[in-house]
Amino acid sequence: LRNEAVVLGALRKPGGSTLLVAGQTRPQRVPVAPPKYDDDNNLSHDAAGWLSVRRGGGSFEFVLTPRANPALDREWLIIGQVEEGMGLVERLNTLPTNNYDRAPLATVQLRSVTVL
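Residues numbered from 1 in each chain as written. Predicted model: local features only at pLDDT ≥ 70, side-chain atom pairs only at ≥ 80, totals over all residues. Heavy atoms only, no water.

## What to know about the overall build of the protein chain
Looking only at helices and strands, the protein chain has one helix and six strands in total. If you list the helices and strands of the protein chain from N to C, you get β-β-β-β-β-β-α. When each of the 116 residues of the protein chain is scored for burial, the buried share is 19%. Accessible area for the protein chain stands at about 8800 Å²; split by element, carbon and sulfur atoms hold 54% of it. (Helix = DSSP H or I, 4+ residues; strand = E, 2+ residues; numbered from the N terminus. Buried < 20%, exposed > 50% of the residue type's maximum accessible area, 1.4 Å probe, protein only. Areas by Shrake-Rupley, 256 points an atom, 1.4 Å probe, with all protein chains shown as cover.)

Following this line, the structure appears as structure tokens:
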């Protein structure tokens, strides 16, 4: 999501069921409803470099903010901040993406990340 968030990846909770839906050629997956948590730390995505996780549990999706984006506050919880390497965040933000789901055209792997 160029200039909104750099999606780092996702690890989703397995489970759910499949349903046959009229007009669909494949069964449609119905995910498990995630538990509701009262996640809040009163931080806002008001600057570049915030590391966030999706609120509500059920999946672990991580994003970095290349720019301030307070619209992320509703669905994302800030859990950290980039101390060094904002140049890399900028480079990730400019990767070419496809027009379907705006996913990067190339796979990027970080070899080393330090968490303090």
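There's plenty left to go through after this.
## Some words on the side chain of Glu 61
With respect to the secondary-structure elements, Glu 61 resides in strand β5 (residues 59–64). A residue is classified by how much of its surface remains accessible, and Glu 61, at 11% relative accessible area, is buried. A polar contact is formed between the side chain of Glu 61 and the side chain of Arg 54, at a distance of 2.8 Å. (Polar contact = N/O pair within 3.5 Å; in protein donor to acceptor, adjacent residues only side chain to side chain.)

## A few points about unusual backbone geometry
Although it is not a glycine, Asn 42 adopts a positive phi angle of roughly 60°. Here Asn 42 shows up in the loop between β3 (28–30) and β4 (50–54).

## Some points on the layout of surface pockets
The computed volume of the largest pocket comes to approximately 1200 Å³. Surrounding the largest pocket, 35 residues form its lining, Leu 8, Leu 64, Val 89, Leu 92 and Leu 110 being those nearest its centre. Per element, the largest residue contribution to the lining of the largest pocket is four residues, and it comes from helix α1 (residues 86–93). Residues of the lining of the largest pocket, tallied by class, amount to 21 nonpolar, nine polar and five charged. (1 Å grid on protein atoms, 1.4 Å probe; cavity = no way out; pocket = protein on both sides within 12 Å on 5 of 7 lines; lining within 4 Å. Points joined across faces, edges and corners; volume = space filled by probe spheres on them. Nonpolar A, V, L, I, M, F, W, Y, C, P; charged D, E, K, R; others polar.)

## Description of the environment of Ala 5
By secondary structure assignment, the location of Ala 5 is in the segment before β1 (6–12). Judged by its relative accessible area of 4%, Ala 5 falls in the buried class. Leave out the neighbours within four places in its chain, and Ala 5 touches Val 63, Leu 64, Pro 66 and Leu 72. (Contact = heavy atoms within 4.5 Å.)

## Focus on the environment of Leu 77
Mapped onto the secondary structure, Leu 77 falls in strand β6 (residues 76–81). Residues Leu 77 and Leu 43, 34 residues apart in the sequence, show an inter-C-alpha distance of 7.9 Å. Among residues more than four places away in sequence, those in contact with Leu 77 are Asp 39, Asp 40, Asn 41, Leu 51, Ser 52, Val 53 and Arg 55.

## Let's talk about α1
Taken residue by residue, α1 has Val 89, Leu 92 and Asn 93 as its buried positions. The buried residues of α1 occupy one face: seen down the axis, they fall within an arc of 100°. (Arc of directions from axis to C-beta.)

## Observations regarding the environment of Ala 106
When you line up the elements, Ala 106 lands in the segment after α1. As a C-alpha pair, Ala 106 and Leu 95 span 11 residues in sequence and 7.9 Å in three-dimensional space.

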